[in-house]
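# Breakdown of the fold
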Amino acid sequence: MSSMEERVEVGVAAASGSSSAGLGVGAVGGALEAVAVGAVLAGIQEEAGVRREVSGPESDPDAPPKKRMRLQEGEAGKLEERLYSVLCCTVCLDLPKASVYQCTNGHLMCAGCFIHLLADSRLKEEQATCPNCRCEISKSLCCRNLAVEKAVSELPCDCSFCLKQFPRSGLERHQKEECQDRVTQCKYKRIGCPWQGPFHELTAHEAECCHPTKTGNELMGILDEMDQSHRKEMQLYNSIFSLLCFEKIGFTEVQFRPYRTDDFITRLYYETPRFTVLNQTWVLKARVNDSERNPNLSCKRTLSFQLILKSKVNSALECSFLLLKGPYDDVKIKPVINHHVFSNDTNETDYVPLPIIDSVECNKLLAAKNINLRLFIFQIQK
């Protein structure tokens, strides 16, 4: 018990004794002092409660996420909070969700921040360093810390649906299969039911769902709309299958290497060595964020590329082409078919976006020493 709390109890005891034993002015003064101290304590606790309420995650659900602050050394807190400050990523100050990397001095980085640091160093043509101790980092110098990954997987985390706490290792299974408040869809979704709601309300909804009682004509209109989106997805693959029937098809592995222009405002480009496909010489160029001067200052990153014909041709050369990931990369790239008619006057295509899913996948490409992709060219015969 603190000295202030002892004074409060002594003062309250003195105040209660004064009513029966008729104590003097000193006892009354002690009681008043105790009441005043109690009010101060209540005010401090109330203010602390207000601070917790304002700074808590539930104060503004629409507010953007903020970095979690490290606990100061010696600061009181739950064991989970202290472990959080020890095991969090040194860059984003958040607990890693997957792989955990460490520099040669043991500072931790989540996989996303680690790849982002390597990509930044490539864009700036500098050696990547640990943001904490400034030692050099790379895929060969850094290693995964399996002990930290296992420790993080056992820390509790709130379910986003029922708000109960579960170990991180079992949270995904709980949210997908066990949570009674998880968002689910009606089993009649395939015939157009748009209902979405918590799992515990699913049985009651399906018992009252009106879609099973709809007539065939009513369902045909709903199914036609659903088929249109499916046709768009299948159209791409049907186009690829049609291209595979062409007589002249060529493909090759291409490797992009970075270089900078000598202009007044330098630009960062990637270019492949010359390669031969379909008896013609070609070059591929790529740029980051459409030639943004300092792409390392942007969190969102994209790549766009153009195909250049270096050979001289006697007649127009009509081609379709697409870029896919290389055989040893795990970058997710969607197949998109591009079309261009090459001639001696129009030997360059426009820059078209490389269909990477998101910035994380783009950073995986930029973090590598070289970007390896596979190019397909289909010559259209007239």
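Up top is the structure.
Described below are features of the structure shown in this document. (Residues numbered from 1 in each chain as written. Predicted model: local features only at pLDDT ≥ 70, side-chain atom pairs only at ≥ 80, totals over all residues. Heavy atoms only, no water.)

Burial analysis of helix α9 (residues 359–367) places 7 of its 9 residues in the buried class, the great majority of the element. When α9 is considered as a whole, its buried residues turn out to be Ser-359, Glu-361, Cys-362, Asn-363, Leu-365, Leu-366 and Ala-367. Of the surrounding secondary structure, the elements contacted by the buried residues of α9 are α4 (111–124), β9 (268–271), β11 (280–288), β12 (303–309) and β16 (371–379). If you check the start of α9, you find a side-chain oxygen 3.3 Å away from the backbone N of Val-360, and it comes from Asp-358. (Buried < 20%, exposed > 50% of the residue type's maximum accessible area, 1.4 Å probe, protein only. Helix = DSSP H or I, 4+ residues; strand = E, 2+ residues; numbered from the N terminus. Contact = heavy atoms within 4.5 Å. Polar contact = N/O pair within 3.5 Å; in protein donor to acceptor, adjacent residues only side chain to side chain.)

What follows covers the pairing of strand β13 (residues 317–325). When a strand is regular, its side chains alternate between the sheet's two faces. Most of β13 is tucked away, with 7 of its 9 residues classed as buried. Note that β13 and strand β14 (residues 338–342) share 5 bridges and pair antiparallel. Its bridge partner lying in β14, Glu-318 is registered against Val-341. When β13 meets β16, the two strands line up antiparallel, connected through 7 bridges. Counterpart to Lys-325 in the pairing with β16 is Leu-373. (Pairing = 2+ DSSP bridges.)

Within the fold, Gln-102 resides in strand β1 (residues 100–102). Reaching out from Gln-102, the side chain makes a polar contact with the side chain of Asn-145 at a distance of 2.8 Å. Setting aside anything within four residues of it in sequence, one finds Gln-102 in contact with His-107, Leu-108, Met-109, Cys-142, Cys-143 and Asn-145.

This next bit is on the side chain of Ser-311. Within the secondary structure, Ser-311 sits in the loop between β12 and β13. Ser-311 gets classed as buried once you look at its relative accessible area, which sits at 18%. Among the polar contacts listed, one links the side chain of Ser-311 to the backbone nitrogen of Thr-281, at a separation of 2.7 Å.

Moving on, we get to the sheet that holds strand β3 (residues 143–144). Sheet architecture is open: 3 strands sit in the order β2-β1-β3, paired in antiparallel fashion. Where the open sheet ends on each side, the last strands, each with one partner, are β2 (108–110) and β3. Examined bridge by bridge, β1 and β3 share 2 bridges and lie antiparallel to one another. When the bridges of β3 are listed, Gln-102 appears paired with Cys-143.

So, on to the packing of aromatic side chains. Evaluation of the coordinates by the stated rule reveals 6 aromatic pairs. Look at Tyr-101 and Phe-114: their rings are 4.5 Å apart centre to centre, the planes differ by 15 degrees, and that puts the pair in the stacked class. You can see Tyr-101 sitting in strand β1 and its partner Phe-114 sitting in helix α4, a full 13 residues away along the chain. You can call Tyr-101 partly exposed: its relative accessible area is 22%. Taking the centre distance of 6.4 Å and the plane angle of 10 degrees together, the rings of Phe-376 and Phe-378 count as stacked. In this structure, Phe-376 and Phe-378 share a single accessibility class: buried. Over the ring of Phe-199 we find Arg-182, and its NZ or CZ is 4.0 Å from the ring centre. A cation over an aromatic ring shows up here: Arg-287 above the ring of Tyr-351, its NZ or CZ 3.8 Å from the ring centre. (Phe/Tyr/Trp six-rings, centres within 6.5 Å; stacked < 30°, edge-to-face > 60°. Lys NZ or Arg CZ within 6 Å of the ring centre and 35° of its normal.)

Further remarks concern a nonpolar patch on the surface. Residues Met-234, Tyr-237, Phe-241, Leu-244 and Ile-249 make up a contiguous nonpolar surface patch of roughly 470 Å² in combined accessible area. Considering each element in turn, the nonpolar patch owes the most residues, 3 residues, to helix α8 (residues 216–243). Turning to its location among the elements, Tyr-237 is positioned in helix α8. The class of Tyr-237 is partly exposed, set by a relative accessible area of 41%. (Patch = residues over 30% accessible without salt bridge, like charges linked within 9 Å, V, L, I, M, F, W, Y side chains within 5 Å. Areas by Shrake-Rupley, 256 points an atom, 1.4 Å probe, with all protein chains shown as cover. Salt bridge = Lys/Arg side-chain N within 4 Å of Asp/Glu carboxyl O.)

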